[in-house]
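Overview (structure and organization)
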Number of protein chains: 2
Amino acid sequence: MDPLHLSRHISSQFNEEIEQVRNHVMAMGGLIEQQLNNALVAIASCDADKAQQVIDNDIQVNEWETRIDHECTRIIAKRQPAASDLRLVMTILKTIADLERIGDETRRIAKVALESFNTEQQDLLVNLESMGRHVGIMLHDVLDAFARMDLQSAYSVYREDKNVDREYEAITRQLMTYMMEDPSSIPKVMNVMWSVRSLERIGDRCKNVAEYIVFFVKGKIVRDSSDMEQQYTVDD
Amino acid sequence: MDPLHLSRHISSQFNEEIEQVRNHVMAMGGLIEQQLNNALVAIASCDADKAQQVIDNDIQVNEWETRIDHECTRIIAKRQPAASDLRLVMTILKTIADLERIGDETRRIAKVALESFNTEQQDLLVNLESMGRHVGIMLHDVLDAFARMDLQSAYSVYREDKNVDREYEAITRQLMTYMMEDPSSIPKVMNVMWSVRSLERIGDRCKNVAEYIVFFVKGKIVRDSSDMEQQYTVDD
C-alpha cells in the first residue's frame, strides 16, 4: 500500500507506526472479503463445511479488531498526534468497528448456509447470490478507497448503497410473494430473508466507512446524502 | 451524576471536561430511552403522529453523537490523556457509536408504527410490547451502569442479552406460525418481525456498551461470555 501523504507529521515513528496499522486494517479487510465470499459460496453450493469454516474464522476477524484497537490507543498515548494525524487514528478506529460488524453479519449468513435447501428452493437463492456479489464489490471498493483515502471512490460507495437498498426492497417483496404462494416454505424463506437483510446491513456499514474516509479527508462528519454531495462538490 | 473517582488525573481541566462529556452521554442516553419508549407507545396505540415525531427526533440523537465525538477528539488533542483517562475517552467514543445505532433501530421501529394494524392483528403486537419493555429496561440499566462505571451492573446487562435473544427466538417462531396459518397476513407480520429484530439488535448494542464498561474498569476487551465471567470473577 502506498504511504499516505499526510499534511502534518509529528514524528517519523508516528508515520511508521500508522503505516503498519493501515496495513493491518487492509489485512483485516482482506480476511472479511474472503469470509463474505466463502459464506456466499457455501450458500450457493450447500457446503456445510465451508459455512462452518466461515463461522470458525470469525474469531480471527475479532482478534484483528482487538489488535488494531490496541495499536491505535498506544499510538495516541505515545505519539500524542494532533489535527489530521489524530483524525486518521480516529478514522481507523471507527472503520475497524464497522469491519468487525461486517464480520458478524457474514457469520450470520454462513449460519443460514448450514440449513439445508432442496432443489426447488435453490431458485430462492439466485437473488441472494446476485445481491451478495453487489455488496461484495461495495466492500472491495470501500477498502480500496480506505487504502488510498480517496474521496471520489468513497463518494461512489456512498451512492451505491442506495442501489443495494433498492435491490433489497425488491428481493424482500419477491420473498414475501413466495411465502404467500407456498406457506409451507416460510421457515426456509425466512432464512433467506435474514441473509438478505444481513447483506443490506453490510452495505450500510460500507457506507459508514465511506463517511469516515470523507471525515478524514475533509475534517467534517457527513450524515446524509445532501451533506455528502456538498462535501464532494464544494471544493473538489 | 457523581464524578468518577479516576485513579490518575492529568489535569483538573481534563476532569471538568470529561465530566461534561459524561453528562452529555447521559443526556443522549435519556433522549434515546424516551425515543424507544415513544416508538413502542406509537405501535401499541397506532399513533402515527407520535411515530413521526420519533422519526423526526432521530436527528437530535445524531447531533449528540457528532457533538460528543467532537468533544472527545478535542480532549485527546488538548489534554493528551494517558492510561485510564485515555481509556475513558475511548470508552465514551465507542458507547456513543452504539447509542447512535440504537437510535437508528428505534427509528426503524417507529416506521413500522406508521403502518396501520387492524384490531385482529393487535394480538400480534402483544409480544412486541413485552419484548420492548424488556429491552427498554436493559437500555436503562446499561446507561445507569455507564453513569457509575459499575462492573456488576454491566455484567448483569451482559447476561440479560441471552434472555432477550431467547425471547426473540420464541416470538420469531410464533410469528412464522401466524404467517403459515394466515398467508394474507404476511406483509403485516413481516413488519412486526423487523421490529422484533430491531429490538434484538438494541439488546446486542446494550451488551456492547456493557463490554466497553468492563474494558474501562478492567482495561481488557471482552468478547464472549466465558471471558466476561473471568473478568468479573477473578479479582472482584
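Because the structure is predicted, anything quoted here is derived from the model rather than measured. (Residues numbered from 1 in each chain as written. Chains lettered and ligands numbered in written order. Predicted model: local features only at pLDDT ≥ 70, side-chain atom pairs only at ≥ 80, totals over all residues. Heavy atoms only, no water.)

1. So, the overall build of chain A
Tallying secondary structure elements over chain A gives 7 helices and 0 strands in all. Its helices and strands in sequence order give chain A the pattern α-α-α-α-α-α-α, from N to C terminus. Across chain A, contacts joining residues at least 24 apart in sequence account for 79% of those joining residues at least 6 apart. With an accessible surface of roughly 10,000 Å², chain A has 47% of that area assigned to carbon and sulfur atoms. (Helix = DSSP H or I, 4+ residues; strand = E, 2+ residues; numbered from the N terminus. Contact = heavy atoms within 4.5 Å. Areas by Shrake-Rupley, 256 points an atom, 1.4 Å probe, with all protein chains shown as cover.)

2. Re the environment of Arg74 of chain B
Note that Arg74 of chain B resides in helix H2 (residues 48–79). The sequence separation of Arg74 of chain B and Glu17 of chain B amounts to 57 residues, and the corresponding C-alpha distance is 9.9 Å.

3. Some remarks on the nonpolar core
Formed by 146 residues in total, the largest nonpolar core has its most connected members in Met190 of chain A together with Met190 of chain B. Leaving out residues up to four positions away in the same chain, Met190 of chain A has contacts with Met179 of chain A together with Met176, Met179, Met190 and Met193 of chain B. (Core = buried A, V, L, I, M, F, W, Y, C linked by side-chain atoms within 4.5 Å. Buried < 20%, exposed > 50% of the residue type's maximum accessible area, 1.4 Å probe, protein only.)

4. Looking at helix H3 (residues 83–113) of chain A
Here H3 of chain A contains 31 residues, and its C-alpha end-to-end distance of 46 Å stays within 8% of the 45 Å for a straight helix at 1.5 Å per residue. H3 of chain A sits mainly inside the fold: 24 of its 31 residues count as buried. (Expected span 1.5 Å × (residues − 1).)

5. Here's the deal with the pattern of salt bridges
Residue and element names in this part refer to chain A. Summed over all chains, the structure comprises 32 salt bridges over all chains. Residue Glu200 pairs with Arg201 through a salt bridge whose shortest N-O separation is 3.8 Å. Here the two residues Glu200 and Arg201 agree in accessibility, since each one is buried. (Salt bridge = Lys/Arg side-chain N within 4 Å of Asp/Glu carboxyl O.)

6. So, unusual backbone geometry
All names here are of chain A. Positive phi values are uncommon outside glycine, yet Ala83 reaches one of about 45°. Structurally, Ala83 can be placed in helix H3. Overall, Ala83 belongs to the partly exposed group, its relative accessible area being 41%.

7. Some points on the relation of the copies chain B and chain A
Superposing chain B onto chain A requires a rotation of 180° together with a translation of 0.0 Å along the rotation axis, leaving an RMSD of 0.0 Å. Overall, the copies show the geometry of a two-fold rotation axis. Interface overlap between copies is the fraction of interface residues in one copy that are interface residues in the other; for chain B against chain A it reaches 100%, indicating a shared surface. (Least-squares fit on C-alpha atoms with pLDDT ≥ 70 in both.)

8. Structural notes on the interface of chain B and chain A
With 37 residues of chain B in contact, the opposing surface of chain A contributes 37 residues. The junction of chain B with chain A conceals about 3,300 Å² of combined surface from both sides, 60% of it contributed by carbon and sulfur atoms. Connecting chain B to chain A are 7 salt bridges. The salt bridge involving Arg108 of chain B is made with Asp204 of chain A; its shortest N-O contact spans 3.8 Å. Inspection of the chain B/chain A interface yields 6 residue pairs in polar contact (both at pLDDT 80 or more). Listed by contribution, the elements that provide at least two residues to the side of chain B that touches chain A are H2, helix H3 (83–113), helix H5 (151–181) and helix H6 (186–218) of chain B. (Buried area = accessible area lost by both parts, 1.4 Å probe. Polar contact = N/O pair within 3.5 Å; in protein donor to acceptor, adjacent residues only side chain to side chain.)

9. Here's the deal with the side chain of Asn38 of chain A
Inspection of the secondary structure assignment puts Asn38 of chain A in helix H1 (residues 12–44). When residues no more than four places from it in sequence are discounted, the contact partners of Asn38 of chain A are Lys50 and Val54 of chain A.

10. A look at the packing of aromatic side chains
What the rule picks out here adds up to 1 aromatic pair over all chains. Pairing Trp194 of chain A with Trp194 of chain B gives two aromatic rings, centres 5.5 Å apart and planes at 80°, and the pair type is edge-to-face. Of the two residues, Trp194 of chain A sits in helix H6 (residues 186–218) while Trp194 of chain B sits in helix H6, which places them in two different chains. According to the relative accessible area criterion, Trp194 of chain B is buried, its value standing at 11%. Here Arg197 of chain A stacks its cationic end above the ring of Trp194 of chain B, 4.2 Å away from the centre of that ring. (Phe/Tyr/Trp six-rings, centres within 6.5 Å; stacked < 30°, edge-to-face > 60°. Lys NZ or Arg CZ within 6 Å of the ring centre and 35° of its normal.)

11. What to know about the side chain of Asp161 of chain A
Within the secondary structure, Asp161 of chain A is located in helix H5 (residues 151–181). Setting aside its immediate chain neighbours within four residues, Asp161 of chain A contacts Met138, Gly203, Asp204 and Lys207 of chain A.

12. Structural notes on the packing of helix H4 (residues 122–148) of chain A against H6 of chain A
In helix packing, the relevant descriptors are the interaxial angle and the interaxial distance, both defined with respect to the helix axes. All names here are of chain A. Running from N to C, H4 and H6 point in directions that differ by 15°, and their axes come no closer than 10 Å. On the basis of the axis angle, H4 is roughly parallel to H6. Note on packing geometry: the crossing formed by H4 with H6 is left-handed. For the contact of H4 with H6, a count of residues per class yields 19 nonpolar, 3 polar and 2 charged. (Axes fitted to C-alpha atoms, helices over the stretch in contact; angles between N-to-C directions. Parallel < 35°, antiparallel > 145°, perpendicular 65-115°, else oblique. Left-handed = near helix turned anticlockwise from the far one by under 90°. Nonpolar A, V, L, I, M, F, W, Y, C, P; charged D, E, K, R; others polar.)

13. Quick look at the packing of helix H1 (residues 12–44) of chain B against H2 of chain B
All names here are of chain B. Direction vectors running N to C along H1 and H2 enclose 165°, while the axes themselves pass 10 Å from each other. Judged on the interaxial angle alone, H2 and H1 are roughly antiparallel. Remark: the crossing between H1 and H2 carries left-handed chirality.

Any functional reading would require information beyond the geometric quantities listed.
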